[in-house]
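Fold and geometry: a report
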Amino acid sequence: MAKKALLTVGGVYRKNKKAFATIGGVYRKIKKAYVTIGGVYRPCWSGGKLEKYGTKTDYARYMFAGTAIGNKALFGGGQNGTGSSYIQDVSVFDNSLTRTQAPNLTSKRTNLAASSNGGYAIFGSGYGGLPHVDAYNAGLTMFQAPKPDVGRYRVGAATIGNKVLFAGGTDAYGKRTKNTDAYDGSLTRTVPEYMNDVKDEVCGVTIGNHALFVGIETSKTSYIYMYSVDAYDENLTRTNPENFTTFRTQVSAATAGDYVIFVGGYASTGAVTSVECYDKNLTKVAAPDMSVARKWTAATSIEDFAIFA
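A few points on the structure. (Residues numbered from 1 in each chain as written. Predicted model: local features only at pLDDT ≥ 70, side-chain atom pairs only at ≥ 80, totals over all residues. Heavy atoms only, no water.)

Focus: the overall build of the chain
What counts is decided by this rule: Only DSSP runs of H or I covering at least 4 residues are called helices, and only runs of E covering at least 2 are called strands; the numbering of each starts at the N terminus. Three labels apply to residues, based on accessible area from a 1.4 Å probe with only protein chains included: buried if under 20% of the type maximum, exposed if over 50%, partly exposed otherwise in between. Two residues form a contact once any of their heavy atoms are found within 4.5 Å.
In terms of regular secondary structure, the chain is built from zero helices and 32 strands. Expressed as a percentage of the 309 residues in the chain, the buried residues total 43%. Counting only contacts in the chain whose residues sit at least 6 apart along the sequence, the fraction spanning at least 24 positions is 42%.

Spelled out as structure tokens, the structure:
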């Protein structure tokens with residue numbers, strides 16, 4: 001979908017809200033326009049309306065990780081559709097929706113995490129290949145970043161400045177960790193102060209000048225749910241914003257303008273509707289509940305909206 005089209009009027013770019021063509025000497029409104037990409041017609045103008053570009057097939061996988069570098073989206077690792085084997089492949093889609101393959105991950109693995117720091121798309125750890133951290137540049141050349149001290153899976157990943165942080169997770173012996181590793185634009189690894197408590201199934205998100213992490217913790221009640229929030233700034237200094245109001249696990253997060261919103265999850269009474277929200281200064285603020293209780297939601301941001309589905 002082309003969201004906006006611009007034209008120059010008096011040397012100034014103006015938003016082109018409508019497009020016209022002359023047909024038989026008469027101006028007609030153009031409702032849709034197409035270009036050929038890889039021999040296939042793709043919409044390039046739709047008057048601001050959504051257009052489906054079609055389906056790009058890969059193969060069934062889950063528990064994988066995805067991130068972007070340059071004009072490419074990378075999806076790596078995971079388990080096959082039946083869960084019988086782990087995956088080593090990295091599938092790549094460019095902005096023409098052409099699918100290619102990047103070099104394989106160092107090992108087959110699932111439950112990994114990924115994020116990008118502008119120079120590299122970095123895939124960290126994962127079950128089956130715990131210690132490995134693989135990085136891809138915009139040309140899809142693969143580099144092995146320094147290994148963390150403790151390999152783990154179900155980690156959280158977030159980017160702050162030029163650093164990708166991997167936090168928490170469970171090690172090869174099933175022990176939850178509070179470890180945190182950071183990789184900069186040169187793939188140099190540093191070790192920030194560990195999180196305040198061990199965390200598993202970690203959710204990572206970036207808001208303003210901080211990367212935030214929440215996840216399953218040690219037992220604080222008869223249940224083991226996420227409660228505290230760890231925040232890291234661009235200097236990798238750790239702080240702890242106000243705790244969640246409700247114990248929960250399987251939470252999702254996205255940003256809306258100057259706010260980060262954590263939604264849903266599973267508490268002792270089941271799935272919840274309540275929302276935890278922080279502004280860019282890490283101050284906790286009230287937010288309306290979701291319409292329906294749910295867990296494991298998908299989350300993303302578009303301009304000033306956070307969308308959960």
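So, next bit.
Considerations on unusual backbone geometry
In this structure, leucine 187 takes a positive phi of about 65° despite not being glycine. Position of leucine 187 relative to the elements: it lies in the loop between strand S19 (180–183) and strand S20 (189–190). Here leucine 236, not a glycine, exhibits a phi torsion of approximately 70°, which is positive. Checked against the element boundaries, leucine 236 lands in the loop between strand S23 (230–232) and strand S24 (238–239). What makes leucine 236 buried here is its relative accessible area of 13%.

Focus: the environment of serine 85
We apply this condition: Identification of polar contacts relies on pairs of N or O atoms within 3.5 Å, with a donor-acceptor requirement for protein atoms, meaning one able to donate a hydrogen and the other able to accept it, and with residues adjacent in sequence counted only if both atoms are side-chain atoms.
Mapping serine 85 onto the fold places it in the loop between strand S10 (79–80) and strand S11 (90–94). For the pair formed by serine 85 and threonine 110, sequence separation is 25 residues and the distance between their alpha carbons is 9.3 Å. With residues up to four places along the chain from it excluded, the contact list for serine 85 reads Gly78, Gln79 and Asn80. A distance of 2.9 Å separates a polar atom in the side chain of serine 85 from a polar atom in the side chain of asparagine 80.

A word on the pairing of strand S22 (residues 210–216)
Note the threshold: In this description, strands pair whenever DSSP reports at least two bridges between them.
Within S22, seven of the seven residues are buried, leaving the element largely enclosed by the surrounding structure. Judged from the six bridges that link them, strand S21 (residues 200–207) and S22 form a sheet pairing that is antiparallel. Within S22, the residue paired with threonine 206 across the bridge is alanine 211. Taken together, S21 and the strand that follows it, S22, pair antiparallel across an intervening segment of two residues, in which glycine 208 is found at a positive phi of about 55°. In this structure, S22 lies alongside S23, joined through three bridges in antiparallel fashion. Each bridged residue has a counterpart across the sheet, and for leucine 212 the counterpart in S23 is alanine 231.

Without other data, these values stay purely geometric and don't point to any function.
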